[in-house]
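# Secondary and tertiary structure notes
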Amino acid sequence: QVQLVESGGGLVQAGGSLRLSCAASGRTFISNYGMGWFRQAPGKEREFVAAITWSGGSTYYADPAKGRFTISRDNAKNTVYLQMNSLKSEDTAVYYCAADRGRRSLPEAGSDEYDYWGQGTQVTVSS
């Protein structure tokens, strides 16, 4: 069982930055997993934000995240990050990280392909 724990959320003003972290706990090593970030705003469906392949060689972003967010991974620290810059009020949501067992050559944007999920961390952007 893979256990993922997100951190780094909080309240930030529009235009500010946050870095989210997703750490795998226990004897789980995420180096073999593709990783993704998703978010869910109140009253809305969960949506894809960014993904990175298990090798770290390829990343993919949803349009709202392009140019502002950066996904990265440090397998030695068993952690995946989401650096979020130029935050907007519409970025307010609960952010979830997820792990995909498939060793895909391309990042996966479909939430159904992910096998394990964290509990989420709240990001609130004030305008």
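Relevant structure appears above.
Residues numbered from 1 in each chain as written. Predicted model: local features only at pLDDT ≥ 70, side-chain atom pairs only at ≥ 80, totals over all residues. Heavy atoms only, no water.

## So, the side chain of Asn78
Inspection of the secondary structure assignment puts Asn78 in the loop between strand E7 (69-74) and strand E8 (79-84). Asn78 gets classed as buried once you look at its relative accessible area, which sits at 10%. Among residues more than four places away in sequence, those in contact with Asn78 are Cys22, Ala23, Ala24, Thr28, Phe29 and Ile30. (Helix = DSSP H or I, 4+ residues; strand = E, 2+ residues; numbered from the N terminus. Buried < 20%, exposed > 50% of the residue type's maximum accessible area, 1.4 Å probe, protein only. Contact = heavy atoms within 4.5 Å.)

## A few points about the sheet that holds strand E1 (residues 4-7)
On the basis of which strands lie adjacent, the open sheet formed by four strands has the order E1-E3-E8-E7 and antiparallel pairing. Edge positions in the sheet fall to E1 and E7, since each of these pairs with one other strand and no more. The sheet shows a mean angle of 15° between the axes of neighbouring strands, taken without regard to direction. In this sheet, E8 lies alongside E7 in antiparallel orientation, the contact comprising six bridges. (Pairing = 2+ DSSP bridges. Axes fitted to C-alpha atoms, helices over the stretch in contact; angles between N-to-C directions.)

## Describing the nonpolar core
Counting 30 residues, the largest nonpolar core has Leu4, Met35, Trp37, Leu82, Met84 and Tyr95 as its most contacted members. Of all the secondary structure elements, the ones that give two or more residues to this core are strand E3 (18-24), strand E4 (34-40), strand E5 (47-52), E7, E8, strand E9 (93-100) and strand E11 (121-126). The residues touching Leu82, leaving out its near neighbours within four places in the chain, are Leu18, Arg19, Leu20, Trp37, Val49, Ala50, Phe69, Thr70, Ile71 and Tyr95. Core analysis: the second largest hydrophobic core is formed by six residues, Phe38, Ala51, Ala62 and Tyr114 among them. (Core = buried A, V, L, I, M, F, W, Y, C linked by side-chain atoms within 4.5 Å.)

## Considerations on the side chain of Asp91
Following the sequence through the fold, Asp91 ends up in the loop between E8 and E9. Of note is the side chain of Asp91, whose polar atom sits 2.9 Å from the side chain of Arg39. When sequence neighbours within four positions are dropped, the list of residues in contact with Asp91 reads Arg39, Arg68, Phe69, Ser86, Val123 and Val125. (Polar contact = N/O pair within 3.5 Å; in protein donor to acceptor, adjacent residues only side chain to side chain.)

## A closer look at the pairing of E9
Within E9, seven of the eight residues are buried, which leaves the element mostly enclosed by the surrounding structure. Strand direction decides the pairing type here: E9 and E11, joined by three bridges, are antiparallel. Within E11, the residue paired with Ala93 across the bridge is Val123. Where E9 lies against strand E10 (residues 116-117), two bridges are found, and the strand directions are antiparallel. Within E10, the position partnered with Ala98 by the bridge is Trp117.

## Some remarks on the state of the cysteines
Joining two cysteines, a disulfide is a covalent bond between their sulfur atoms. On inspection of all chains with the given rule, the structure shows one disulfide. Covalent S-S linkage joins Cys22 and Cys97, the inter-sulfur distance amounting to 2.0 Å. Handedness of the Cys22-Cys97 disulfide follows from its S-S torsion of about 55°: it is right-handed. Taken together, the positions of Cys22 in strand E3 and Cys97 in strand E9 put the pair 75 residues apart, joining distant regions of the chain. As far as the burial class goes, Cys22 and Cys97 line up, both buried. (Disulfide = S-S within 2.5 Å.)

## Considerations on the packing of aromatic side chains
We describe a pair of aromatic rings using the distance from one ring centre to the other and the angle between the two ring planes. Tallying each qualifying case throughout the model produces six aromatic pairs. Measuring from ring centre to ring centre gives 5.3 Å for Phe38 and Tyr114, while their planes differ by 80°; the resulting arrangement is edge-to-face. Note that Phe38 is positioned in strand E4 and Tyr114 in the loop between E9 and E10, a separation of 76 residues in sequence. Just as Phe38 is buried, Tyr114 falls in that class too. Relative to Trp117, the ring of Phe38 lies with its centre 5.0 Å away and its plane at 55°, an arrangement referred to as tilted. Of the two residues, Phe38 is situated in strand E4 and Trp117 in strand E10; the sequence distance between them amounts to 79 residues. (Phe/Tyr/Trp six-rings, centres within 6.5 Å; stacked < 30°, edge-to-face > 60°.)

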